[in-house]
Structure formats: structure tokens, C-alpha cells
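Residue-level structural notes
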Amino acid sequence: MKEFWRKTWFIRLVSLLIAILLVIYVNYTQNGFLTPGQAERTKQTANKVQTIKVPLQVSIDTDKYYVVGYPEKVSVTLEGSTALVTSTVNTQNFRAYIDLTNNRIGDQTVKVHINGINNQISYTVNPKIVHVNVQRRKSTTMPVQIEYNKNAVASGYKFGKTSVDPQQVEVTGARGEVDQIDQIVAKIVLPNGIDHSYERQVSLIAEDQRGRQLNVIIEPATARVTIPITTAQKKVKVALQPKHEKARKVYSLTAKNNYVTLYGSESALAKIKSLPVAVDLRDVNSSTTKTVKLKLPNGVVKANPNQINVELKVDNINDFKDK
């Protein structure tokens, strides 16, 4: 038996089996059956692909030139170890840019460059090239105009003198665009039937003579617009008119407000000399004070006050005969 264990072929067979077992063990431990520390190290060294959008910068003398046509952002796809890609995405400490330092005026096609990415990360950028237009830069100062729908005011009201702050703004852009500007305008759409003053912060736009919006920078970009909406007013005397007096009763009516202020169109107010106020006496049997709501004539939108107190004194006719 001892001779059997010492056979050369047997020793070789055992060695082969041990080698096979070692190979199986190594493969077994690298296919996901790892200790926590091993799993973390594997995660950090694994590859990751991620695409992010970054601002596209322009290298040019911005005091002299103005560039239009390029996208605001480009897509950058990063590929590398999970740790490096994640860190790069979080910090974004690289930049995408186009180099126009050796510029020429007019349309041109330029390459998008990436600077600052770790050399252990591979990347692609989309788009790789962009089409731009380089123009001489021009700045000018222009007044701000106000446009609004003047038929929106309620009946009996009228627009006052509009105002805008600031009254002038600085406009910067390509010389070709700036030279086409006809006006800087704050456009406002008022609600129909508006009966109160309007005040808002409004965005400004630059338009050419055909009303086409131009691609320029306006500084400041907004303005405070005030549109007063008022109505004419007139102070008139109250004319009390008793209604439905009872027989054998004597009434004395006194208004605590002899005058009221009426608001409305100028043409309507011009026709009014006094305001008739009907006082219904059918339920009045003794002296009292009655509140009467004012009825507004045509063209009058409101009154101040809108109701008055009327002091009523009631006597029987017999009481006068006895005196």
C-alpha cells in the first residue's frame, strides 16, 4: 500500500487536482463573492459612463466683438473609473469653450474644446463643432416706449399719463443688429374692463421697424411701468324726491349729506346739475332716519358716498289743525 502512495503518476494527479481547485476558488471569489472591503475597491475601479451638459464659453475680446449662433450648453460624455467620473461630474472643474481669439468677422465654423478633465478619463463632446457669427460690438442708449391695449379701459374711465422707470436703457449687440433697432418697448396686455391703475415690472424687447425682435442685450432687462387709470369727478347737490306719501301725513326730509361726489365720463358729468334721490315713504309711519342707496345716472361709475342718511319727520294733518 505504501508503494501505491509513492507512485509518480499519483503525485502528479493530486497536484493537478489541487491546481484545478485553486483556479476554481480564484474565479469564485472574483465573480461577486467578495468581502465588503474587496467589493468597495472593485466598485471604485469599475468603469462608469455618464453624460452631462455644461456651459459653452467663448474666448474672444468681448469689448470689441459680439458672437451669436452658438449653443448655450454642450453635452459631454465621460468614461472612466466610477470614482473619477463621479468626482468630475460633482465638481465640474473643467470647461468647454470655443476659441475665437484669432477671429475674423462673419460666419465661421469652430471646434469645441474641453480643458481640465483628468487624463485618466476619456470623453466625447456633442456637438463637436458649432457655427457662429462674429460681429463688431456696438453699444448705444435708447428710450423705453410703452405699448398697451388702449381699448381695455372700463366705461367711464380714462388713461392718465403713463410713466416708465428707467426711461432709458443701454443696448449692446452685434453692430448689424443694433443698427436695426427701431424701439425698445415694454409690451403690456391689460385685462378688459380695467378700472384701476396698473403698475408692473415688465421685460423689455428690442424691435425693428417691422416689429421683429432683435438679438441684443438690454441693460437693465426690465422696467417699472405705471399706467394711471382715472375718471372725471364732480361734486353735486342732493335733490331729495319723496315717493309714495300717505294721505293725511306731512313729511319733512333732510339729507345728512347735502353733497356727493360723482365719478364718470366728462360728457356725462357735464349734464348733471344735481343728483335726484328717491326716498320711499310707504313704510314710514313715524319720524325716523332712513339709509338710501344712490342710483347712478348713465355715464357715472361711482359716487362718494354711495348712500346717504335721510332724516324723516312725520306729522298728522290733524296735529296741524289743532295748533
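My aim in this report is to walk through the structure given alongside it, one point at a time. Position numbers for residues start from 1 in each chain and track the written sequence from start to end. Totals for whole chains, interfaces and linings use every residue, but because this is a predicted model, local features are given only for residues with pLDDT of at least 70 and side-chain atom pairs only at 80 or more, for both listing and counting. For the side-chain quantities, the full set of heavy atoms in the structure was used; hydrogens and water were omitted.

Regarding a nonpolar patch on the surface
Defined as follows: Two distance rules govern patches: like charges are joined within 9 Å, and nonpolar side chains (Val, Leu, Ile, Met, Phe, Trp, Tyr) within 5 Å, applied only to residues with over 30% relative accessible area and no salt bridge. Here the open area of atoms and residues is found with the Shrake-Rupley method and a 1.4 Å probe, where only the protein chains shown may cover a residue. One side-chain nitrogen of Lys or Arg within 4 Å of one carboxyl oxygen of Asp or Glu is enough to make a salt bridge. Put simply, DSSP H or I for four residues or longer makes a helix, DSSP E for two residues or longer makes a strand, and each gets a number counted from the N terminus.
Together, Leu16, Leu17 and Ile20 give the surface a local cluster of nonpolar side chains, amounting to about 280 Å² of exposed area. Residue placement: leucine 17 occurs in helix α2 (residues 8-29).

Quick word on helix α4 (residues 82-91)
For an α-helix, 3.6 residues make a turn, and residues three or four places apart therefore share a direction. Basically, it comes down to this: Accessibility here uses a 1.4 Å probe with only protein chains present; expressed as a share of the type maximum, an area under 20% marks a residue as buried, one over 50% as exposed, and anything in between as partly exposed. Note that the arc is computed from the directions linking the helix axis to the C-beta atoms.
All buried positions along α4 are accounted for by Thr82, Val85, Thr88 and Val89. For α4, the angular spread of the buried residues around the axis is 140 degrees, confining them to a single face. Positive backbone phi, approximately 50 degrees, marks glutamine 92, located one or two places after α4.

With respect to the sheet that holds strand β4 (residues 95-99)
For the record, the criterion: Two strands qualify as a pair provided that DSSP identifies no fewer than 2 bridges between them. Where helices are involved, their axes are fitted lines through C-alpha atoms of the stretch in contact, as for all axes, and angles between N-to-C directions lie from 0 to 180°. Any pair of residues with heavy atoms lying within 4.5 Å of one another is described as a contacting pair.
Taken in spatial order, the five strands line up as β6-β4-β1-β3-β7 in an open sheet, and their pairing is mixed. The open sheet is flanked by β6 (113-115) and β7 (122-126), the only strands paired with a single partner. Ignoring strand direction, the axes of neighbouring strands in this sheet form an average angle of 35 degrees. In terms of strand pairing, strand β1 (residues 47-59) meets β4 through four bridges, oriented parallel. Along β4, the bridge assignment pairs serine 59 with aspartate 99. Of the strands in this sheet, β1 and β3 (73-81) are in contact with α4, which crosses β3 at around 155 degrees.

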